[in-house]
Amino acid sequence: GQQLNQSPQSMFIQEGEDVSMNCTSSSIFNTWLWYKQDPGEGPVLLIALYKAGELTSNGRLTAQFGITRKDSFLNISASIPSDVGIYFCAGASGGSNYKLTFGKGTLLTVNP
Amino acid sequence: EPEVTQTPSHQVTQMGQEVILRCVPISNHLYFYWYRQILGQKVEFLVSFYNNEISEKSEIFDDQFSVERPDGSNFTLKIRSTKLEDSAMYFCASNGNSANVLTFGAGSRLTVL
């Protein structure tokens, strides 16, 4: 099956710092999504990307859909304590099922 | 904001017992999914459901698993005879008219003893 390589696995940063995480795949995706998961909760959508090269922002979050369709990154600027959580990339390769393949997640810890 | 609701939030069961996890997807959504997340691991696709039938399932979704939409609102996942390795968080998700944007429920934690 399709695999997504997400890195880094975890990050420990100070409040106010910027953060970057990325996902790569050996196969092409038509859609890239970034989700955040808080402890004991389901994934919550942060950003959806639909076109190769697309750069989209949502507040302090910016994500890009790679030109090759095989990668995506997520940047968080000026981190705050509530940014703590697990960030997952997810890709969809098309078709009517909208099945998502998830990366293994990046655990973000923000020290106040 | 519309949300996907799941019950129970946590279920503990003995190995070999049947379990039914329930979901109420967002009302105007047409595609429904179950995903699983073993503790500390990534979220994995189990099954997608559209037009009252399974549209795709993963290799995890073996004969012990079944899904049903018994009425216009509920979407259920049944595990016929639970195994220890079925212990996980099970997420229901639904999709409306936004391509590939799934809305997830808060999950049902299943613990098999």
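What you are looking at is a predicted structure, and each value in this text was computed from that prediction instead of being measured. (Residues numbered from 1 in each chain as written. Chains lettered and ligands numbered in written order. Predicted model: local features only at pLDDT ≥ 70, side-chain atom pairs only at ≥ 80, totals over all residues. Heavy atoms only, no water.)

Student: Is there a simple way to explain the overall build of chain A in this structure?
Tutor: On a plain count of helices and strands, chain A comes out with zero helices and 11 strands. Expressed along its principal axes, the backbone C-alpha trace of chain A runs to roughly 45 × 30 × 20 Å. Considering only intrachain contacts with a sequence separation of at least 6, the fraction spanning at least 24 residues in chain A is 53%. Of the roughly 5100 Å² of accessible surface on chain A, a fraction of 51% belongs to carbon and sulfur atoms. Across chain A, 7 positive and 8 negative side-chain charges occur, with their mean positions spaced 14 Å apart. (Helix = DSSP H or I, 4+ residues; strand = E, 2+ residues; numbered from the N terminus. Contact = heavy atoms within 4.5 Å. Areas by Shrake-Rupley, 256 points an atom, 1.4 Å probe, with all protein chains shown as cover. Lys, Arg positive; Asp, Glu negative; His and termini not counted. Charge placed at Lys NZ, Arg CZ, Asp CG, Glu CD.)

Student: Teacher, can you tell me more about the environment of valine 19 of chain B here?
Tutor: Residue and element names in this part refer to chain B. Relative to the helices and strands, valine 19 is located in strand E3 (residues 19–24). Residue classification places valine 19 among the buried positions, given a relative accessible area of 1%. For the pair valine 19 and leucine 77, spaced 58 residues apart in sequence, the C-alpha separation works out to 8.1 Å. The contacts of valine 19, once residues within four sequence positions are left out, are Gln11, Thr13, Leu77, Lys78, Ile79, Thr82 and Leu110. (Buried < 20%, exposed > 50% of the residue type's maximum accessible area, 1.4 Å probe, protein only.)

Student: Just checking my understanding: could you explain the sheet that holds strand E8 (residues 75–79) of chain B for this structure?
Tutor: Whenever strands of a sheet pair, they do so through backbone hydrogen bonds, lying parallel or antiparallel. All names here are of chain B. Read across the open sheet, the four strands follow the order E1-E3-E8-E7; overall the sheet is antiparallel. Either end of the sheet is taken by a strand with one partner, and the two such strands are strand E1 (5–7) and strand E7 (65–68). The average angle at which neighbouring strand axes cross in this sheet is 20°, direction not considered. As paired elements, E7 and E8 share four bridges and run antiparallel to each other. Among the inter-strand pairings, valine 67 is bridged to a residue of E8, identified as leucine 77. (Pairing = 2+ DSSP bridges. Axes fitted to C-alpha atoms, helices over the stretch in contact; angles between N-to-C directions.)

Student: Mind showing me how you'd approach the environment of glutamine 37 of chain B here?
Tutor: Summarising the element assignment, glutamine 37 of chain B is placed in strand E4 (residues 31–37). Those residues within four positions of glutamine 37 of chain B in sequence are excluded, and the remaining contacts are Gln37 and Phe88 of chain A together with Lys42, Val43, Ala88, Met89 and Phe91 of chain B. Only 2.8 Å separates the side chain of glutamine 37 of chain B from the side chain of glutamine 37 of chain A, close enough to count as a polar contact. Looking at glutamine 37 of chain B, its side chain comes within polar contact range of the main-chain oxygen of glutamine 41 of chain B, at 3.0 Å. (Polar contact = N/O pair within 3.5 Å; in protein donor to acceptor, adjacent residues only side chain to side chain.)

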